[in-house]
Amino acid sequence: MSLIQSLAIMLGREPTKPRPEEYSPEAQALHEAKRASKLTPEQRAEINRQTHDAHKVHTWRNRRWLTLLVVNLLFVLSYHFDVQLIEGALTASRVIGFHFADLNSALQVTLAFKTILINLVIGTTTVLLLWWLLGGRSFCSWVCPYHLLAEWAEALHVKLAAKKLIKDHQLHRRTRVVLYVIFAVAALASGYTVFETISPTGILSRAMIYGPTWALTIVVFLLLLEVFYSRRMWCRYMCPIGITYAVVGAISPVRVVFRPVNCHHEGECRKVCLVPHVLDVTKKGFATQMHSGIGADCTRCGLCVDVCPTGSLKFEVKGLDKLL
Amino acid sequence: MSQIPKRPPPPAHVQQEARRRFLRSLLLGGAAVGAAMAGWLPVLGAQAHRLRPPGAIGEDDFLAACIKCGQCVQVCPVEAIVLSDITDGFGVGVPHIAARDQACDFSCDAVQCILACPTGALTHDLSKKEEVRMGVARLDKPEICLAHQGLGFKGQARGADYAGLHRYEAVDRWKPIPIADHPYDLELCDLCVRECPIEGAIALVPLSSDAADKRRIPEIRQSCVGCGMCEMICPTEPAAIVIDSRAQWRPA
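Computed from a predicted structure; not experimentally measured.

Each value, and the rule that gives it
- Residues numbered from 1 in each chain as written.
- Chains lettered and ligands numbered in written order.
- Predicted model: local features only at pLDDT ≥ 70, side-chain atom pairs only at ≥ 80, totals over all residues.
- Buried ≥ 20, exposed ≤ 12 C-beta atoms within 10 Å, placed from the backbone.
- Helix = DSSP H or I, 4+ residues; strand = E, 2+ residues; numbered from the N terminus.
- Pairing = 2+ DSSP bridges.
- Expected span 1.5 Å × (residues − 1).
- Contact = placed C-beta atoms within 7 Å.
- Nonpolar A, V, L, I, M, F, W, Y, C, P; charged D, E, K, R; others polar.

Asks: How should the pairing of strand E10 (residues 241-245) of chain B be read in this particular structure?
Replies: Residue and element names in this part refer to chain B. Going residue by residue along E10, you find Ile241, Ile243 and Ser245 tucked away on one face and Val242 and Asp244 left uncovered on the opposite face. As paired strands, strand E3 (residues 135-139) and E10 are joined by five bridges and run antiparallel to one another. The residue bridging Leu139 from the neighbouring strand is Ile241, located in E10.

Asks: When you look at helix H8 (residues 145-162) of chain A in this model, what are you seeing that I'm missing?
Replies: Residues and elements named next belong to chain A. The end-to-end C-alpha separation of H8 is 26 Å, in line with the 26 Å expected for 18 residues at 1.5 Å each. Listed as buried for H8 are Pro145, Tyr146, His147, Ala150, Glu151, Ala153, Glu154 and His157. Turning to H8, the residues buried within the fold contact helix H4 (59-80), helix H7 (138-142), helix H10 (200-210), helix H11 (216-228) and helix H12 (233-238). Downstream of H8 by one or two residues, Lys164 has phi in the positive range, about 65 degrees.

Asks: Sorry if this is basic, but what is going on with the pairing of strand E2 (residues 92-95) of chain A here?
Replies: It is a general feature of regular strands that their side chains alternate between the two faces of the sheet. All names here are of chain A. Pairing of strand E1 (residues 86-89) with E2, which is carried by four bridges, proceeds in the antiparallel orientation. Within the sheet, the bridge partner assigned to Gly88 lies in E2 and is Ser93. Taking the residues between adjacent antiparallel strands as the criterion, E1 and E2 are bridged by two residues. The sheet contact formed by E2 and strand E3 (residues 98-101) spans four bridges and is antiparallel. Paired with Val95 across the bridge in E3 is Phe98. If you look at the hairpin formed by E2 and E3, you'll find two residues sitting between the two strands, and Ile96 has a positive phi there, around 45 degrees.

Asks: Would you mind going over H4(A) with me for this structure?
Replies: Compared with the 32 Å implied by 1.5 Å per residue over 22 residues, the 31 Å span of H4(A) between its first and last C-alpha is a close match. Along H4(A), the residues that are buried comprise A:Arg64, A:Asn72, A:Phe75, A:Ser78 and A:Tyr79. Where H4(A) is buried, its residues touch E1, H7, H8 and H10 of chain A together with helix H3 (71-75) of chain B. Once H4(A) finishes, A:Asp82 follows within two positions and takes phi at roughly 50 degrees, a positive value.

Asks: Honestly, the interface of chain A and chain B in this entry has me stumped. Any pointers?
Replies: Note: interface size is frequently given as the accessible area lost on complex formation between the parts. If you look at the interface, chain A gives 45 residues, while chain B gives 35 residues. Of all the secondary structure elements, the ones that give two or more residues to the side of chain A that touches chain B are E1, E2, E3, helix H5 (103-113), helix H6 (118-134), helix H9 (175-190) and H10 of chain A. It is H9(A) that provides the largest number of residues to the side of chain A that touches chain B, a total of six residues. When its residues are assigned to classes, the side of chain A that touches chain B shows 24 nonpolar, 17 polar and four charged.

Asks: Even after reading the chapter, I still don't get the sheet that holds strand E5 (residues 292-293) of chain A, so can you show me in this structure?
Replies: Where strands meet in a sheet, backbone hydrogen bonds hold them as pairs that are either parallel or antiparallel. Residues and elements named next belong to chain A. With respect to topology, three strands assemble into an open sheet ordered E5-E4-E6, the strand pairing being antiparallel. Each having just a single partner strand, E5 and strand E6 (313-317) make up the two edges of the open sheet. Pairing of strand E4 (residues 254-258) with E6 involves five bridges; the strand directions are antiparallel. For Phe258, the partnering residue across the bridge sits in E6 and is Leu313.

Spelled out as structure tokens, the structure:
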């Protein structure tokens, strides 16, 4: 998949089945071989058993939750014990004295204030490099406190949906592109960082560090919507911060890769994924290469890596295997 | 003209779901924008200014430039700076000072909040407390001012339960202590003058030429920076002296 395609899908285009000429000879041969082979009932049962067991693996999720909690706790503890390790909040901070600035918050301030601030340039450059290295939207799943709450809300949503008590109401994925543009224009036109009023990331980060606020009602409201109405509504369809980091991560060396050789195409990965459109490649007959990176929108959360019974989805650092 | 056969239109239920999805997106996306805009409207309509931390640039620019990280909050030794909540009307996460609860008394000596600000919402152009202009003090209710009545003051300035801090150089050069732990016994109340952190910003002047007349009135001078220390320490309820945020000093 080209970078342009990957970005277009991130921005809301629906993924489509590749054209015949896009397939590599190896991938073509693999798909033909898979089509030709028939599974015996025993093999079928074995696959079902593996698929079922794979849902018990939580290696990457646990690592990620731990990281997320540690990062946010560092902000909190650093302030409360005055150790000056990480000062500030997720919107902007100093890490051992170095400026860090959230890309979206910095953009909002720059558009509202209409001034290039040297500290923000330093802060965003540092953050840009960091998140380019670490995978862009990995900010979402490995750092953003709202993501963690939303994951718990999602678990509730899935439970209720399984009991047919509720159903998922999807939004159009272009919603967040429209919101991104609206909030950028609003900041520019009003001279005020309009988005920050409702940003659950900023509200939660500040509430953890400086104490609870009434602004948390916005977060609670969003979570309720996600439990009862629309699965992962904010992160999936609305949050402009996600777009900013997805663009940064589009060319990141840290990524999830798909190797179709052993894949049974059961689609468990797409069921657990926040952004299932990036996993279109895992559908039967969709992989054009024997080894392909997952698209820009991927948050590198690792849920698909955990759930994959065949090891077809794996984390990879581009070029690292060549170095080693 | 085209040889490509037309794709059959999607079935009705798919079309209906697409239509509903579009409406949902419009509605919920609109709600998000509406909620955010609702936070901006009070900014537009804001009449009174809040007391901002030292070095705050003009209010409109300040609201635009603040990135809401709270680094100014973290460095303040008396925790005078607090971040606004949505219940405060405008500027969620933007810092202000509620001087009556806890004023900035420049305990940090070096305007630490300004140094901490990553965006210059607190201007880096000033480096001394004397250069700060947050507002200006005003004797709001002369009739209840103790000095104006020629009265003294004995006890804790704000009562035993008051949590506010102040650095008393005579007690501890470095560490601010609760005002409740520092009772006074004054023949004539001069708390606003006594505890003012800026030299020559405020003075008690006689009300009449009569030497026997004990009554004095606090007079605010040009060097007042509007830090709010006088408003915090004033023992009357409500405070006889208050800060006019962002106001300029004018000769009486």
